[in-house]
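# Inside the fold
One letter stands for each residue in the lines below.
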Amino acid sequence: MPTQTSDQRWAAQAASGDESAFRELYRAHVRPVYWIAYGILSSPADAEDIAQETFLVAWRKLPALDLQGESILPWLATICRFQAANRLRQRRRDQAHTSDALDDSLPDTVNVEEQVITAALAARIADEVGNLSEIDREIFRLCATEGYAYQAAAEELGVSHAVVRNRLSRVRTQLRGAVQEARDA
């Protein structure tokens, strides 16, 4: 039987009600979900709200999820985009009730093509991260996802500051290349 990824294991455990497994999923993916929401809404406060709403919806829907891939991030990204689209509609309704002038910075619709590209990009990034060595994945998780400083990550992993800095630089270069390839495709 193939080895389960952390996401697959945590999703299965959380689907059966394990809150600590769900916290692990949250910690692993809250930052990318936040940045997806921020990219749509351009508001830090709204992006935080949508990230929280995304995980609330995910908690309710997890028992019905059949995670096919190695990462849960594409599924979370889809939930996030729907929640952000709802927030945009709510903003427009609120503006219509408070003023005659519409804010030109709010898009009239959520571009479906952009959503598909974003989902494909999230999946590509998740695949690339999944293909990293164990140490590189941990360095990426600690520094890029959880916000650890290089020295704190080095102490956590029992390696030198230089190892963390150099490996993270290589990982970021690799991920930028994957993102560029996905955009060029």
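A brief structural summary.

Conventions we followed
Residues numbered from 1 in each chain as written. Predicted model: local features only at pLDDT ≥ 70, side-chain atom pairs only at ≥ 80, totals over all residues. Heavy atoms only, no water. Helix = DSSP H or I, 4+ residues; strand = E, 2+ residues; numbered from the N terminus. Buried < 20%, exposed > 50% of the residue type's maximum accessible area, 1.4 Å probe, protein only. Contact = heavy atoms within 4.5 Å. Areas by Shrake-Rupley, 256 points an atom, 1.4 Å probe, with all protein chains shown as cover. Axes fitted to C-alpha atoms, helices over the stretch in contact; angles between N-to-C directions. Parallel < 35°, antiparallel > 145°, perpendicular 65-115°, else oblique. Left-handed = near helix turned anticlockwise from the far one by under 90°. Nonpolar A, V, L, I, M, F, W, Y, C, P; charged D, E, K, R; others polar. Salt bridge = Lys/Arg side-chain N within 4 Å of Asp/Glu carboxyl O. Phe/Tyr/Trp six-rings, centres within 6.5 Å; stacked < 30°, edge-to-face > 60°. Expected span 1.5 Å × (residues − 1). Bend = angle between axes of the 7 residues up to and from the residue.

Glancing now at the overall build of the protein. When its secondary structure is counted, the protein shows 8 helices and 0 strands. From first element to last, N terminus to C terminus, the protein shows the α and β order α-α-α-α-α-α-α-α. A total of 185 residues make up the protein; the buried ones form 34% of that total. Of the contacts made within the protein by residues no fewer than 6 positions apart, 60% connect residues no fewer than 24 positions apart. Summed over its atoms, the accessible surface of the protein is roughly 11,000 Å², and 50% of this surface lies on carbon and sulfur atoms.

Moving on, we come to the packing of helix 1 (residues 6–15) against helix 2 (residues 19–41). Relative to each other, helix 1 and helix 2 sit at 135°, their axes nearing to 7 Å. What the angle tells us is that helix 1 and helix 2 run oblique. The way helix 1 lies across helix 2 gives a crossing that is left-handed. In contact with Asp 7, Trp 10, Ala 11, Gln 13 and Ala 14 of helix 1, helix 2 contributes Ala 21, Phe 22, Glu 24, Leu 25, Ala 28 and His 29. Tallied by class, residues from the contact of helix 1 with helix 2 come to 7 nonpolar, 2 polar and 2 charged.

What follows deals with the pattern of salt bridges. All told, the structure shown has 7 salt bridges when counted by the stated rule. The residue Arg 27 makes a salt bridge to Glu 24 at a minimum N-O spacing of 2.9 Å. On the criterion of helical spacing, the pair formed by Arg 27 and Glu 24 is a turn pair, its members being 3 residues apart in helix 2. On the basis of relative accessibility, which here comes to 29%, the residue Glu 24 falls in the partly exposed class. With a shortest N-O distance of 2.9 Å, Arg 87 and Asp 46 are connected by a salt bridge.

So, about the packing of aromatic side chains. For the structure shown, the criterion picks out 6 aromatic pairs. Ring centres of Tyr 34 and Tyr 38 lie 6.2 Å apart, and the angle between their planes is 15°; this geometry places the pair in the stacked category. One end of the pair, Tyr 34, and the other, Tyr 38, are both in helix 2, 4 residues apart, so they sit about a helical turn from each other. Ring geometry for Trp 35 versus Tyr 38: centroids 5.5 Å apart, planes at 80°, classification edge-to-face.

Okay, the side chain of Gln 83 next. Examined against the element boundaries, Gln 83 turns out to sit in helix 4 (residues 73–98). For Gln 83, the contacting residues outside a window of four places in its chain are Ile 50, Glu 53, Thr 54 and Val 57.

Another point: the packing of helix 2 against helix 3 (residues 44–61). In contact at an axis separation of 8 Å, helix 2 and helix 3 are set at 140° when each is read in the N-to-C sense. By the angle class used here, helix 2 and helix 3 are oblique. Once helix 2 is placed against helix 3, the crossing between them reads as right-handed. Mapping the contact onto sequence places Glu 19, Phe 22, Leu 25, Tyr 26, His 29, Val 30, Val 33, Tyr 34, Ala 37, Tyr 38 and Leu 41 in helix 2 and Pro 44, Asp 46, Ala 47, Glu 48, Ile 50, Ala 51, Gln 52, Thr 54, Phe 55, Ala 58 and Trp 59 in helix 3. By residue class, the composition of the contact of helix 2 with helix 3 is 16 nonpolar, 3 polar and 3 charged.

Another aspect to go through is helix 2. Relative to the 33 Å expected for 23 residues at 1.5 Å per residue, helix 2 spans just 29 Å between its end C-alpha atoms, considerably shorter than the ideal helical length. Considering bend angle alone, the principal kink of helix 2 is centred on His 29 and spans about 50°; proline Pro 32 follows within four residues of it. Every buried residue belonging to helix 2 is among Ala 21, Phe 22, Leu 25, Ala 28, His 29, Val 30, Val 33, Tyr 34, Ile 36, Ala 37 and Leu 41, and all of these are buried. At the exit of helix 2 stands Ser 42, carrying a positive phi of roughly 55°.

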